[in-house]
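Architecture and fold: a report
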Amino acid sequence: MATGRPGGRVRLQDVADLAGVSMKTVSNVVHDYEHVSDQMRRRVQTAIDELGYRPNLTARRLATGRTGMLALAIPELDQPYFAEIARHIGEEAGRRGYRIIVEQTLSDVEAERAVIRDREEGLVDGVIFHPARIDTLEIARLRPDTPLVLLGEAARPLTTDHVMIDNVRAAREGTERLLQAGRRRIAFLATVRTDITESTRLRLIGHQEALVAAGIPLDPAFVIESDGFDMADGVRALEEALARGIEPQAVLCRDDLFALAAMRALSNAGLRVPDDVSVLGWDDTALARFGTPPLSSISPDKRAIAATALDLLEDRMKGYDGIGRHRIAPHTIEDRGTIA
């Protein structure tokens, strides 16, 4: 690869010299200014590609007030839903000309405070953040100078933009779908003893609303509690519930991991899915799409979540300073055959 200076970093001047244009013209192309002809843009881009020029983020920020970088902070990188939402946000950000820094907070409250208080200030133009522990009042009090959009159900301060699905409605619709299949004894897998999130509570509310509307008495034995979020925890929780004598006709699961756990526990008990027991997961991750059998799952529109979050963030980055906006992304129920 050609370089402007042997052993040195390629400079804006090197690109200008190779393209035979001024440094100002190169800068206009790099910053995607409108008033550059297509021919000139191609000429400069060819020189950029040949030299392998990469804009200096510090210089870019000094010149434009922007770095072209965004931060995404999520609780766990290896949780299937968060991995997929990160991919969609990364792809959408790339289409808009941004690069993404991904940070894992592991639901640690100090790590979450750092996300909105000071860690990304000066490094990125905006932050998309899925909090787990930090609450609404603290986010409002620590409101950062860096534009911020929240994901998920945990915290929704009036001052901050927020994107989520309607968990109560989705759970109600999922339970109604199981009822339509003739299933009346429907277990919920699971509440989790260490759960600090709002999502499980909202999903349980929607599930129970649908049961009450159908005239089915609420039975606490059918709300199964798990020691943790792992698949092994879900298997153990459902196996213990079956051993206590509950006989579910269906299981609504708080996520796809628990849905796979349900299918394993039911199989271990000699029960067939969906002939004996229907199973409905949540999040429509690759676990659902490529499982054996493929899993029916409540499906948040992850692409819509990503696009909406970036729409709101770009508004903030362009100067919008109004009250926080709350956006509900759509969802569907993907029936792949584990509902009879």
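- The name recorded for the protein chain in an unreviewed UniProt entry is DNA-binding LacI/PurR family transcriptional regulator, from Microbacterium resistens.

1. Observations regarding the sheet that holds strand 4 (residues 148-151)
- Spatially, 2-1-3-4-5-11 is the arrangement adopted by the six strands of the open sheet, whose pairing is parallel. Edge positions in the sheet fall to strand 2 (99-104) and strand 11 (326-329), since each of these pairs with one other strand and no more. The sheet shows a mean angle of 20° between the axes of neighbouring strands, taken without regard to direction.
- Two elements, strand 5 (residues 161-165) and strand 11, share four bridges in a ladder whose sense is parallel. Counterpart to Val-163 in the pairing with strand 11 is Arg-327.
- Against the sheet, helix 13 (residues 302-317) touches strand 1 (69-74), strand 3 (126-129), strand 4, strand 5 and strand 11, its axis set at about 175° to strand 5.

2. Concerning the confidence of the model for the protein chain
- The predicted model of the protein chain has a mean per-residue pLDDT of 90, with 92% of residues at 70 or higher.
- Under a pLDDT of 50 for its full length, residues 1-7 has, in the predicted model, twelve contacts with residues more than four places off or in other chains.

3. Remarks on the sheet that holds strand 12 (residues 331-334)
- Strand order across the open sheet formed by six strands is 7-6-8-9-10-12, with mixed pairing between neighbours. Either end of the sheet is taken by a strand with one partner, and the two such strands are strand 7 (223-226) and strand 12. Mean inter-strand twist for the sheet, computed between neighbouring axes without regard to direction, equals 25°.
- With three bridges joining them, strand 8 (residues 250-253) and strand 9 (residues 278-282) adopt parallel strand pairing. Residue pairing across strands places Ala-250 opposite Ser-278, the latter belonging to strand 9.
- Across the sheet, helix 10 (residues 231-243) lies against strand 6 (186-192) and strand 7, angled at about 135° from strand 7, the strand it touches most.

About the criteria used
Residues numbered from 1 in each chain as written. Predicted model: local features only at pLDDT ≥ 70, side-chain atom pairs only at ≥ 80, totals over all residues. Heavy atoms only, no water. Pairing = 2+ DSSP bridges. Helix = DSSP H or I, 4+ residues; strand = E, 2+ residues; numbered from the N terminus. Axes fitted to C-alpha atoms, helices over the stretch in contact; angles between N-to-C directions. Contact = heavy atoms within 4.5 Å. pLDDT = per-residue confidence, 0-100.

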